Amino acid sequence: MKKPIIAVDMDDTICHLVKRAIYHNNLNFPTHPLRYEDMIHWDTSHLRHPESTHDVFYGRPGLFEELELYDEYVVDEMRKLNDAYDVIVVTAAEPRTVVEKWNWLQQHMPFITAEQFITCKRKNLLAFDLLIDDGAHNLIPAHEDGKKVICIPHPWNIQEREQYNFPLLSSWKEAKAYIDEVLQVVGV
């Protein structure tokens, strides 16, 4: 029997990118401090120092290798999901960040193989049964294509969460049991 495919985003889904980028931004541009709560849209250029471009904000060498786990449960729950489902980790990446992201994944979740690691910005083009992501630009097309989605809540997706009433995963605690329910899988 074919296992359902679960596509899991990396940044701000299994690890914290924006919070770490804010940390470095605030060290480098103390006149324009940022707060996580103020990041209510994807475009935050109006909040950042003029020199803190997108490439500066997210382009610090080594940034993607120093990200913190989303929470204390994420590794165990990802392992459970990996044992029960066909898990693919799908992350948007610039060519220069792919190795850093892979290194982070292997440090924290070495049970994810190279065959399960996909870099892709247009996730809706992939075949999966469930997408777990924080980006409304990924969740909405998947939802509109009739695929199941789970949203990781952050300030930048609050409007879309309210509009689409996405199922939420605010902690990875007992995530596998929740995902079993979303997929209506019995005895997996």
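Here, every reference points to the structure presented above.
Owing to the predicted nature of the structure, the values given are computational and were not obtained by experimental measurement.

Student: Any chance you could explain the overall build of the chain here in plain terms?
Tutor: The helix and strand inventory of the chain stands at 7 helices and 7 strands. Taken over C-alpha atoms, the radius of gyration comes to 17 Å for the chain, in line with the 16 Å a tight globule of 188 residues would show. C-alpha atoms of the chain, sized along the principal axes, occupy 55 × 35 × 30 Å. For the chain, with 188 residues in total, the buried portion stands at 48%. Contacts spanning at least 24 positions in sequence make up 64% of the contacts within the chain whose residues lie at least 6 apart. About 9700 Å² of surface is accessible on the chain, with carbon and sulfur atoms providing 52% of the total. Within the chain, one finds 19 positive and 30 negative side-chain charges whose respective centroids are separated by 2 Å.

Student: Even after reading the chapter, I still don't get the pattern of salt bridges, so can you show me in this structure?
Tutor: Under the counting rule described, the total for this entry stands at 11 salt bridges. The partner of Arg79 in a salt bridge is Asp76, with the nearest N and O atoms 3.4 Å apart. Of the two residues, Arg79 and Asp76 both sit in helix H3 (residues 74–84), 3 residues apart, roughly one turn of that helix. Residue Asp76 is classed as partly exposed on the basis of its relative accessible area of 44%. The shortest N-O distance in the salt bridge between Lys80 and Glu77 comes to 2.9 Å. Highlighted residues: Lys80 and Glu77, both in helix H3, separated by 3 residues, approximately one helical turn. On the basis of relative accessible area, Lys80 is assigned to the partly exposed category, the value being 41%. Connected through salt bridges with shared partners, the residues Asp9, Lys123 and Asp133 form a single ionic network.

Student: Which parts of the structure should I look at to understand the sheet that holds strand S7 (residues 148–151)?
Tutor: Strands in a sheet are paired, the pairing made by backbone hydrogen bonds, and the direction either parallel or antiparallel. The 5 strands are arranged S5-S4-S1-S6-S7 in an open sheet whose pairing can be described as parallel. Where the open sheet ends on each side, the last strands, each with one partner, are strand S5 (117–119) and S7. Direction aside, neighbouring strands of the sheet carry axes that sit 20° apart on average. Two elements, strand S6 (residues 130–133) and S7, share 4 bridges in a ladder whose sense is parallel. Bridged to Asp133 within S7 is Cys151.

Student: I would appreciate a short explanation of the packing of aromatic side chains in the present structure.
Tutor: Counted according to the given criterion, the structure contains 4 aromatic pairs. Relative to Phe117, the ring of Trp102 has its centre 5.2 Å away and its plane inclined at 50°; by these criteria the two rings are tilted. Highlighted residues: Trp102 in helix H4 (residues 98–108) and Phe117 in strand S5, separated in sequence by 15 residues. With a relative accessible area of 24%, Trp102 lands in the partly exposed category. Taking the relative accessible area as the measure of exposure, Phe117 reaches 15% and is therefore buried. Arranged with centres 5.3 Å apart and planes meeting at 5°, the rings of Tyr164 and Phe166 form a pair that is stacked.

Student: Hey, could you run me through the nonpolar core in this one?
Tutor: A general tendency of soluble globular proteins is for nonpolar side chains to be buried together. The biggest cluster of nonpolar side chains holds 42 residues, and the ones touching the most others in it are Ile14, Met78, Met109, Ile132, Trp172 and Ile179. At 5 residues, the largest contribution of residues to this core is made by H3. Those residues in contact with Met78, other than ones at most four positions away along the chain, are Val8, Ile14, Val87, Val89, Met109, Phe111, Ile112 and Trp172. Counting residues in hydrophobic clusters, the runner-up holds 14 residues, among them Ala7, Ile88, Val90 and Cys151.

Student: Looking at this structure, how should I read the state of the cysteines?
Tutor: As used in these notes, a disulfide is a covalent bond between sulfur atoms, one from each of two cysteines. Under the definition given, this model contains 0 disulfides. Between Cys120, a cysteine without a disulfide, and Cys15, which holds the nearest cysteine sulfur, the sulfur-to-sulfur distance is 17 Å. Cys15 provides the cysteine sulfur closest to Cys151, a residue in no disulfide bond, and the two sulfurs are 16 Å apart. Overall, the relative accessible area of 0% leaves Cys151 in the buried class.

Student: Where do I start with the environment of Pro141 in this structure?
Tutor: By secondary structure assignment, the location of Pro141 is in helix H5 (residues 136–144). Each C-alpha atom, one on Pro141 and one on Arg122, is 9.4 Å from the other, the two residues being 19 residues apart in sequence. Sequence-distant contacts of Pro141, defined by excluding residues within four places in its chain, comprise Asn124 and Ala136.

Student: Can you walk me through the side chain of Asp11 in this structure?
Tutor: As for its position among the elements, Asp11 is in the loop between strand S1 (5–8) and strand S2 (15–16). Residue Asp11 is classed as buried on the basis of its relative accessible area of 11%.

About the cut-offs
- Residues numbered from 1 in each chain as written.
- Predicted model: local features only at pLDDT ≥ 70, side-chain atom pairs only at ≥ 80, totals over all residues.
- Heavy atoms only, no water.
- Helix = DSSP H or I, 4+ residues; strand = E, 2+ residues; numbered from the N terminus.
- Rg over C-alpha atoms; globule rule 2.2 N^0.38 Å.
- Buried < 20%, exposed > 50% of the residue type's maximum accessible area, 1.4 Å probe, protein only.
- Contact = heavy atoms within 4.5 Å.
- Areas by Shrake-Rupley, 256 points an atom, 1.4 Å probe, with all protein chains shown as cover.
- Lys, Arg positive; Asp, Glu negative; His and termini not counted.
- Charge placed at Lys NZ, Arg CZ, Asp CG, Glu CD.
- Salt bridge = Lys/Arg side-chain N within 4 Å of Asp/Glu carboxyl O.
- Pairing = 2+ DSSP bridges.
- Axes fitted to C-alpha atoms, helices over the stretch in contact; angles between N-to-C directions.
- Phe/Tyr/Trp six-rings, centres within 6.5 Å; stacked < 30°, edge-to-face > 60°.
- Core = buried A, V, L, I, M, F, W, Y, C linked by side-chain atoms within 4.5 Å.
- Disulfide = S-S within 2.5 Å.

None of the figures reported here should be taken as evidence of function without further support.
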